[in-house]
Structure formats: structure tokens, C-alpha cells
Amino acid sequence: MRIGIEVQRIFRPKKHGMEVVALELIRQLQQLDISNEYVLFAKDDVDRQCVRETDNFKIQTLSSYTYADWEQMKLPAAVKKQKLDFLHCTCNTAPVLPGLSLLLTLHDIIYLEKVDFKGTAYQNFGNLYRRFVVPRVVKKSKLVLTVSHFERNTILERLQLPPEKVEVVYNAVNPRFNNQVTAEALAGFRQRFQLPEKFILFLGNTAPKKNTPNVIRAFAEYSMNTSNAIPIVLLDYDKMLVEKFLTELGHPELLQRFIFPGYVPPDQMPFMYNAATLFLYPSLRESFGLPILEAMGCGTPVITSNTSSMPEVAGDAALLVDPFQYKEIAAAMTTMLSNDALLASYKEKGLQRARMFTWEASARQLLSVYGRM
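Just so it is clear, the structure is predicted and the values come from calculations on it, not from any experiment. (Residues numbered from 1 in each chain as written. Predicted model: local features only at pLDDT ≥ 70, side-chain atom pairs only at ≥ 80, totals over all residues. Heavy atoms only, no water.)

Here we take up the packing of aromatic side chains. One pass over the structure, following the stated rule, counts 15 aromatic pairs. Centre to centre, the rings of Phe177 and Tyr273 are 5.8 Å apart; their planes meet at 65°, and the pair counts as edge-to-face. In this pair, Phe177 is assigned in the loop between strand E7 (166–168) and helix H6 (183–193) and Tyr273 in helix H9 (residues 269–275), connecting sequence segments 96 residues apart. Assessed through its relative accessible area of 7%, Phe177 is described here as buried. Among the aromatic side chains, those forming a connected cluster through ring pairs are Tyr38, Phe57, Phe86 and Tyr370. Over the face of the ring belonging to Tyr263 we find Lys14, whose NZ or CZ atom lies 4.6 Å from the ring centre. Above the plane of the ring of Tyr346 lies Lys349, whose end atom (NZ or CZ) is 4.4 Å from the centre. (Phe/Tyr/Trp six-rings, centres within 6.5 Å; stacked < 30°, edge-to-face > 60°. Helix = DSSP H or I, 4+ residues; strand = E, 2+ residues; numbered from the N terminus. Buried < 20%, exposed > 50% of the residue type's maximum accessible area, 1.4 Å probe, protein only. Lys NZ or Arg CZ within 6 Å of the ring centre and 35° of its normal.)

Next up, the structure:
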């Protein structure tokens, strides 16, 4: 077969969840499949070396002014010239008029559930674009893949699709997320990013679903009620926003307990997880929740939400909380951090849980799907 894979943003330097998933699967496919021919369609960017061409994997870069223009005009035109058997679009959306058989990976449909315009202008535009495109392209797709059984059930109910049209291919964790880090390397990482010996790690951003305001409330509650409270590290979040929020809470002095190390490259994230005492991931809504497994793979105990896909991913290897109740998040932090035996127990359970999700297994399942296209 000649297979097209859309990976528009895979070459951008700061990759998000969907690009990470696509990259991991492509790397596995390159090792597993030497029979089929592949054409990867991407927009050129600075990280061209993350995927390399092989004898049966070719890359075609397409330029455009906007995401929509690239997907709806440039991509169909390029696909038509390649004479492909089918096109796999990996990041929720696809051409409305693809011109050939379509396989769609639909990571989530959060943007169909509500639009509150609380995100950035870029996020709001993306959500509106997906609200328009997704209901149309799922009807034209031969098969739809998603990343958890929770999300599959949500898609089936919301989009009224027949059960046989939606299948689950789990995300997984890269083997580099492990706890085999030397003390010397970890000390060097701490020094580079000015990190203390103990801290809570939170991957916050401005997306409403990440629940950053409740995390700040919870940390303030934990700090004010714990004599030996440890600081919290926030990645991908603006210090001024935290300062403003703490001032509104009436506790601006707590800003000194927040650490903002700046951008941490993806290849350095295993060190960040290993350095952390506790990983906090009380998101409001996730289709999967890959950072849960990444932290577990590094032996870092996890607190995450009891909603959406997160219990499915975490199993019994994380402490689950109601993400809408900041006092419950704070109580979980206190419980975990005041009990070394409990931390050790969740560390071991997390290590075992992470081993259950491998990219090789996911790629083999994807190859099986390709064979049915």
C-alpha cells in the first residue's frame, strides 16, 4: 500500500500531545514496516531532524498562511498527486474534501462540548475551526481512531456514529521516561534550572481544562496549613498571572513558593519528572493524559483527576481527586507528602502501570488498522 500520514505540526520545536503521539508512532512504524510505502505531509519548521526519511518513508513539506488553508487546500492537492491508497490524519481534523479513503485520529471532542472563549485567541480559533470541521469529516472517514474508551464512548454518543466505526489505540510512554537517572545527572539538572531538593511539579498552561486556577488555590491552601510545605514548579505558565491570582486570593506573599524555570526541552523532561517529589495533574478533562504515564515511568507519585479518561489511564497507581474541589486537591497533597510509605507505594505502582503502555504495541495495532483500510 501507499499510505499518506498528515502530521502538519510535527516539525515545530515545542510539540504538544498530538504531535508527540504522531512522532512516536511514526518512529515505531519505521522500525516495524518495510513493506508499505509512506508519505508524510508536514509544514516545514525548525525541528526537521525529529523524523528522517527512509527507503519507504518520504516527507513532503507544504507551505501555507494558516492551519485551515494548509489542511483544506494544500493537503488535498498534494495528496492527489501521490496516488495514495488512503490518508491518515492524526490530529483531530482533516480535509472536508479529501478525495480518497480517510482514516482519522480523533483525540478528543472537548471543543464540541462547549465553547467558553476563556482560552487564547489561537485556542479559540482552533476550537471554532474544529467545531466546523470534525462533524463533517467523521462522516466521510472510513474509520475513526481515538485514544481511550472514555473518549470512544463520548464520540459515539455525541456524533451518533455506529460502534464499529470508532476504535481505540492507546497512547503510550517513551522508554526514556524512566527512573534510571544517575545522582550526578540529576544534580546537574537541578542546578541548571535552580530547582530545590523537593518540589511539586505541575504542567500548567492557560487552557481552561488544565485547571490552573484551582491548582493555585489548592497549593495556597496546602501551604498555609502545612508547616514544612514544599514549593511548586509551574511549567509553561506566566509568573505575572500567578502573582495576580494570588493577590486576588489575598496571599501575594505565597508567590515566593512558586518556581518558574522557563521552557524545558522535551528531552529534558525525564529529568524534571525524576527531580520532582510529586506530580500534580488534576485536569478537568482529558482524552488520555500522557503526562500521567510519563511521570509514573520516572517513578514520580501522581495525583490526578477522577474524571474523564484519567482513571482509565492511571488505574490504581495514582491518588484520584475531584478536580473541581480545590480543598480536596490540597488534602491529597498533604496526605501524600506527609507519608513516605504512601509515596513509595505509589511510586512502585506507577512504575508497573507505565510498563503496560508501549509505543511498539500501539504501532502494531495501528498497522493492523492500516491493513483493513
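The discussion continues.
Turning to the packing of helix H7 (residues 212–224) against helix H12 (residues 326–337), a few remarks are in order. Packing of H7 against H12 leaves a shortest axis separation of 8 Å and a crossing angle of 50°. Relative to H12, the element H7 is oriented oblique. Seen along the crossing, H7 lies across H12 with a hand that is right-handed. Packed against H7, whose contacting residues are Asn214, Arg217, Ala218, Phe219, Glu221 and Tyr222, the element H12 presents Tyr326, Lys327, Ile329, Ala330, Met333, Thr334 and Leu337 at the interface. Split into classes, the residues belonging to the contact of H7 with H12 amount to 8 nonpolar, 2 polar and 3 charged. (Axes fitted to C-alpha atoms, helices over the stretch in contact; angles between N-to-C directions. Parallel < 35°, antiparallel > 145°, perpendicular 65-115°, else oblique. Left-handed = near helix turned anticlockwise from the far one by under 90°. Contact = heavy atoms within 4.5 Å. Nonpolar A, V, L, I, M, F, W, Y, C, P; charged D, E, K, R; others polar.)

As a further point, take the pattern of salt bridges. Two side chains of opposite charge can pair, provided their charged atoms sit close to one another. One pass over the structure, following the stated rule, counts 12 salt bridges. Glu113 is paired through a salt bridge with Arg285; the nearest N and O atoms lie 2.8 Å apart. Taken together, the positions of Glu113 in helix H3 (residues 110–113) and Arg285 in the loop between strand E11 (278–281) and helix H10 (290–297) put the pair 172 residues apart, joining distant regions of the chain. In this structure Glu113 comes out as partly exposed when scored by relative accessible area, which is 37%. One network of salt bridges, in which partners are shared, links Arg9, Arg12 and Glu19. (Salt bridge = Lys/Arg side-chain N within 4 Å of Asp/Glu carboxyl O.)

Take unusual backbone geometry next. Residues other than glycine seldom take positive phi values, yet Gln194 does so here, at roughly 55°. Mapped onto the secondary structure, Gln194 falls in the loop between H6 and strand E8 (200–202). In this structure, Ser308 takes a positive phi of about 45° despite not being glycine. Tracing the sequence through the fold places Ser308 in the loop between strand E12 (302–305) and helix H11 (310–314).

One finds Ile10, Val51, Leu201, Met272, Tyr273, Met296 and Tyr370 to be the most contacted residues of the largest nonpolar core, which totals 66 residues. Examining the composition of this core, we find that 6 residues originate from one element, helix H1 (residues 17–32), more than from any other. Setting aside chain neighbours within four positions, we find Tyr370 in contact with Met1, Ile3, Ile5, Leu29, Tyr38, Phe86, His88 and Leu103. In terms of nonpolar packing, the next biggest core, distinct from the first, is built from 32 residues, Trp70, Leu104, Val138 and Leu159 among them. (Core = buried A, V, L, I, M, F, W, Y, C linked by side-chain atoms within 4.5 Å.)

Locating Ser362 in the fold gives a position in helix H14 (residues 359–371). When neighbours within four sequence positions are excluded, Ser362 is seen to be in contact with Leu25, Val169, Tyr170, Asn171 and Ala172.

On to the environment of Phe260, then. With respect to the secondary-structure elements, Phe260 resides in the loop between strand E10 (258–259) and H9. For Phe260, a relative accessible area of 22% translates into the label partly exposed. For Phe260 and Val181, which are 79 residues apart along the polypeptide, the C-alpha to C-alpha distance reads 23 Å. If near-sequence neighbours (up to four positions away) are discounted, Phe260 is found in contact with Leu234, Tyr237, Asp238, Lys239, Val242 and Leu255.

Side-chain alternation along strand E6 (residues 143–146) places Leu143 and Leu145 on one buried face and Val144 and Thr146 on a second face that is also buried. Across 3 bridges, strand E5 (residues 101–105) lies against E6 in parallel orientation. Opposite Thr105, over in E6, you have Leu145 as the bridge partner. Summarising the sheet, E6 and E7 pair through 3 bridges and their orientation is parallel. Counted as the bridge partner of Val144 is Val166 from E7. Crossover E6 to E7 through helix H5 (residues 149–159) is right-handed. (Pairing = 2+ DSSP bridges. Right-handed = clockwise from strand over helix to strand, strands pointing away.)

What follows is about H5. Each α-helix turn comprises 3.6 residues. Residues three or four places apart therefore point the same way. Burial in H5 covers these residues: Glu151, Arg152, Thr154, Ile155, Leu156 and Leu159. One or two residues past the end of H5 sits Gln160, with phi positive at roughly 55°.

Of the two faces of strand E4 (residues 86–89), the one carrying Phe86 and His88 and the one carrying Leu87 and Cys89 are both buried. Where strand E1 (residues 2–6) meets E4, 4 bridges bridge the pair, whose relative direction is parallel. Each residue of the ladder has a partner; that of Ile5, found in E4, is His88. In terms of strand pairing, E4 meets E5 through 4 bridges, oriented parallel. By the bridge assignment, Phe86 is partnered in E5 with Ser101.

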